[in-house]
Amino acid sequence: MAHANEKEIDTRTEEEKAIDAWLPITSDRNAKWWYSTFHNVTAMVGAGVLSLPYAMSEMGWGAGIVVMLMSWAITFYTIWQMVEMHEMVPGKRFDRYHELGQHAFGEKLGLWVVVPQQIVVDVCSCIIYMVTGGKSLKKFHETVCPDCQPIKLTYFIIIFSSVHFVLSHLPNFNSISLVSLAAAVMSLTYSTVAWAASIRRGIEGREVSYELRSEKTGDNVFMFLSALGDVAFAYAGHNVVLEIQATIPSTPEKPSKGPMWKGVWVAYLIVAVCYLPVAFVGYWAFGNQVEDNILLSLEKPMWLVAAANMFVVVHVIGSYQVRSF
């Protein structure tokens, strides 16, 4: 009966069915709810989490705590909206952002409103991941072998990109599930390393200041706006939500929003566990002297810092793949 109903509401043309069967996002709709969890964690918990203590130092305790909690709540609400809109039209699944844009603004205007912005976000994010992966490899090399001949960052970025040359040949979204799972586990791991090592370092016997970074009001205003940008980038996973949901099977009796929403709930709990301790504990430990990457502020224990940087590498490999699909 479910199969018959699915056929009745399938209003796609043969051309649309052929395109869906060919595209790597929709060619395999057999994902489970937990796929949604680690795909969302991989897409969202990226290198941006490591800059949250620095963002806190630009806002201070009061504004920083409010912004961190509000950003979690607002993005949680907006991702719920995206999940609900995926199948808001009977017989239609908005598997890609431009399709939703075309429904809202029209066939032509929808493309011009959505596609340029999505391209800019995806391209810039992938560039940042490439650079972050290369920097983390370089930091790992310098940590485990401080007496070795220095290697240019460019070469580490090339090494990082060569991994994607291989992974880019995987056929569809579900085929990178293991890569995405490993990336999600790594994001939780290096986030834990960041705040746990900060607690271990502590502030006893150290001069830690929580004053704003500048004495000039104008500078502090600009740094506050910059901090808002850092926090926004840390929650930059919404641009692949529709694509993630597109891999989940759906019938009128069991729409895809059910398992997708279950996965999002778990993902956002993991996001809170990753983001809030790193932001608050990292700022507590280093104050306004924290680096823009909390791992760069940590120097000991060396083996843990080296391992954390490799965790970052594994994570951004998965994040890059989720976004590039």
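A brief report on the enclosed structure follows. (Residues numbered from 1 in each chain as written. Predicted model: local features only at pLDDT ≥ 70, side-chain atom pairs only at ≥ 80, totals over all residues. Heavy atoms only, no water.)

Now for the overall build of the chain. If you tally the helices and strands in the chain, you get 13 helices and 0 strands. For the chain, the succession of helices and strands along the chain, N to C, is α-α-α-α-α-α-α-α-α-α-α-α-α. A burial count over the chain gives 46% of its 325 residues as buried. When contacts within the chain are restricted to residue pairs at least 6 apart in sequence, those whose partners lie at least 24 apart make up 82%. Here the chain displays about 16,300 Å² of accessible surface, and carbon together with sulfur accounts for 67% of that area. (Helix = DSSP H or I, 4+ residues; strand = E, 2+ residues; numbered from the N terminus. Buried < 20%, exposed > 50% of the residue type's maximum accessible area, 1.4 Å probe, protein only. Contact = heavy atoms within 4.5 Å. Areas by Shrake-Rupley, 256 points an atom, 1.4 Å probe, with all protein chains shown as cover.)

Here S187 is to be found in helix 8 (residues 177-201). Only 2.6 Å separates the side chain of S187 from the backbone oxygen of A184, close enough to count as a polar contact. (Polar contact = N/O pair within 3.5 Å; in protein donor to acceptor, adjacent residues only side chain to side chain.)

Bringing the packing of helix 8 against helix 11 (residues 257-286) into the picture now. Following both chains from N to C, one finds helix 8 and helix 11 inclined at 25°, their axes separated by 9 Å at the closest point. Taken together, the axis directions place helix 8 and helix 11 in an arrangement best described as roughly parallel. At the point where helix 8 passes helix 11, the crossing takes the left-handed sense. Two secondary-structure elements touch here, helix 8 through S187, L188, S191, A194, W195, S198, I199 and R201 and helix 11 through I270, V273, C274, P277, V278, V281, G282, W284, A285 and F286. (Axes fitted to C-alpha atoms, helices over the stretch in contact; angles between N-to-C directions. Parallel < 35°, antiparallel > 145°, perpendicular 65-115°, else oblique. Left-handed = near helix turned anticlockwise from the far one by under 90°.)

Taken as a whole and judged by the stated rule, the model has 13 aromatic pairs. Ring centres of F76 and Y268 lie 5.0 Å apart, and the angle between their planes is 45°; this geometry places the pair in the tilted category. A residue pair is termed long-range when its members are at least 10 positions apart, and F76 in helix 4 (residues 52-85) and Y268 in helix 11 qualify at 192 residues. The same class applies to F76 as to Y268, namely buried. When the ring of Y235 is compared with that of Y275, the centres are 4.9 Å apart and the planes differ by 65°; the resulting orientation is edge-to-face. Of this pair, Y235 sits in the loop between helix 9 (217-234) and helix 10 (241-246) while Y275 sits in helix 11, placing them 40 residues apart in sequence. On the basis of relative accessibility, which here comes to 0%, the residue Y275 falls in the buried class. (Phe/Tyr/Trp six-rings, centres within 6.5 Å; stacked < 30°, edge-to-face > 60°.)

With that out of the way, let us pick up the packing of helix 3 (residues 33-44) against helix 11. Between helix 3 and helix 11, the least distance of the axes is 7 Å, while the angle of their chain directions is 40°. On the basis of the axis angle, helix 3 is oblique to helix 11. Crossing geometry of helix 3 relative to helix 11 is assigned as right-handed. Contact with helix 3, carried on its side by W33, S36, T37, N40, V41 and M44, involves P259, M260, K262, G263, V264, V266, A267, Y268, I270, V271 and Y275 of helix 11 and no other residues of that element. In terms of residue class, the contact of helix 3 with helix 11 is made up of 12 nonpolar, 4 polar and 1 charged. (Nonpolar A, V, L, I, M, F, W, Y, C, P; charged D, E, K, R; others polar.)

If you trace the backbone, E87 turns up in the loop between helix 4 and helix 5 (97-105). Since its relative accessible area comes to 23%, E87 is described here as partly exposed. Residues E87 and Q245 lie 158 residues apart in sequence; the distance between their C-alpha atoms is 10.0 Å. Sequence-distant contacts of E87, that is, excluding residues within four places in its chain, are made with K92, R93, Q245, S250, P255, S256 and K257. One polar contact links E87 to S256, side chain to side chain, over a distance of 2.7 Å.

What follows deals with the nonpolar core. In this structure, V49, L50, L52, M68, V231, Y235 and Y275 are the most contacted members of the largest nonpolar core, which totals 69 residues. No other element matches the 14 residues that helix 11 contributes to this core. (Core = buried A, V, L, I, M, F, W, Y, C linked by side-chain atoms within 4.5 Å.)

Time to look at the state of the cysteines. Tallying each qualifying case throughout the model produces 1 disulfide. There is a disulfide in this structure between C145 and C148, and the S-S distance comes to 1.4 Å. Between C145 and C148 the disulfide shows an S-S torsion of about 60°. By sign, it is right-handed. (Disulfide = S-S within 2.5 Å.)

With that settled, consider the pattern of salt bridges. For the structure on display, the rule yields 5 salt bridges. Across the pair E87 and R93 runs a salt bridge, and its minimum N-O distance is 3.8 Å. We note a salt bridge from D95 to R93, for which the minimum N-O separation is 4.0 Å. With relative accessibility at 3%, the residue D95 sits in the buried group. For R93, a relative accessible area of 16% gives the class buried. Members of the salt-bridge network, linked through shared partners, are E87, R93 and D95. (Salt bridge = Lys/Arg side-chain N within 4 Å of Asp/Glu carboxyl O.)

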